[in-house]
Amino acid sequence: MPKIDAVLLAAAAILTLAAAPASARDFPYCLQGGDWGYPGNCQFDSYEQCMTTASGTRAGCDINPVVAFRRRQQDQQPQPRTPQSQRRY
């Protein structure tokens with residue numbers, strides 16, 4: 001029996017180490033105000049979903065500041081220039 005226990009323990013260790021970590025995700029909308037503060041409860045995929053949750057409370061919905069900041073950074077990055085030899089006039 002000790003041999004089987006060692007094999008099972010080794011298999012469990014290998015599976016644990018091989019498992020991929022969960023990826024973090026920033027949801028686009030946050031429930032803000034009332035008891036939520038800032039940035040609020042940021043777990044909503046759509047504005048409608050957030051507003052349904054906010055209904056009847058002193059809270060509202062707005063874009064997740066992390067998502068807004070990331071979009072702004074992407075918009076400000078310079079676009080790669082097309083080499084002159086590939087331009088069409």
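One can find the structure itself at the top, above this paragraph.
Now for a quick tour of the structure. (Residues numbered from 1 in each chain as written. Predicted model: local features only at pLDDT ≥ 70, side-chain atom pairs only at ≥ 80, totals over all residues. Heavy atoms only, no water.)

### Structural notes on the state of the cysteines
Under the definition given, this model contains two disulfides. Each sulfur of the disulfide joining Cys-30 and Cys-42 lies 1.9 Å from the other. Between Cys-30 and Cys-42, the disulfide has an S-S torsion of 105° and is therefore right-handed. Of the two residues, Cys-30 is situated in strand S1 (residues 29-33) and Cys-42 in strand S2 (residues 41-44); the sequence distance between them amounts to 12 residues. Overall, Cys-30 belongs to the buried group, its relative accessible area being 0%. The partly exposed category is assigned to Cys-42, whose relative accessible area is 21%. Here Cys-50 engages in a disulfide with Cys-61; their sulfurs sit 2.1 Å apart. Torsion about the S-S bond of the Cys-50 and Cys-61 cystine: about -100°, corresponding to left-handed handedness. Residue Cys-50 is located in helix H2 (residues 47-54), and its partner Cys-61 is located in strand S3 (residues 59-63); the two are separated by 11 residues in the primary sequence. Cys-50 sits in the buried class, given a relative accessible area of 0%. Here the cysteine-cysteine linkages of the protein are recorded as 1-2, 3-4, numbering only bonded cysteines and doing so in sequence order. (Disulfide = S-S within 2.5 Å. Helix = DSSP H or I, 4+ residues; strand = E, 2+ residues; numbered from the N terminus. Buried < 20%, exposed > 50% of the residue type's maximum accessible area, 1.4 Å probe, protein only.)

### What about the side chain of Gln-32?
Looking at where Gln-32 falls in the secondary structure, it is placed in strand S1. Of the polar contacts made by the side chain of Gln-32, one reaches the backbone oxygen of Pro-39; its length is 3.0 Å. Once residues lying within four places of it in the same chain are set aside, the contact partners of Gln-32 are Gly-37, Tyr-38, Pro-39, Gly-40, Ala-59, Gly-60, Asp-62, Ile-63 and Pro-65. (Polar contact = N/O pair within 3.5 Å; in protein donor to acceptor, adjacent residues only side chain to side chain. Contact = heavy atoms within 4.5 Å.)

### What about the nonpolar core?
Listed in full, the six residues of the largest apolar core are Leu-31, Phe-44, Cys-50, Ala-54, Ala-59 and Cys-61. Taken together, the elements giving at least two residues each to this core come down to H2 and S3. If we skip the residues at most four places from it in the chain, Cys-61 touches Cys-30, Leu-31, Tyr-47, Cys-50, Met-51 and Ala-54. (Core = buried A, V, L, I, M, F, W, Y, C linked by side-chain atoms within 4.5 Å.)

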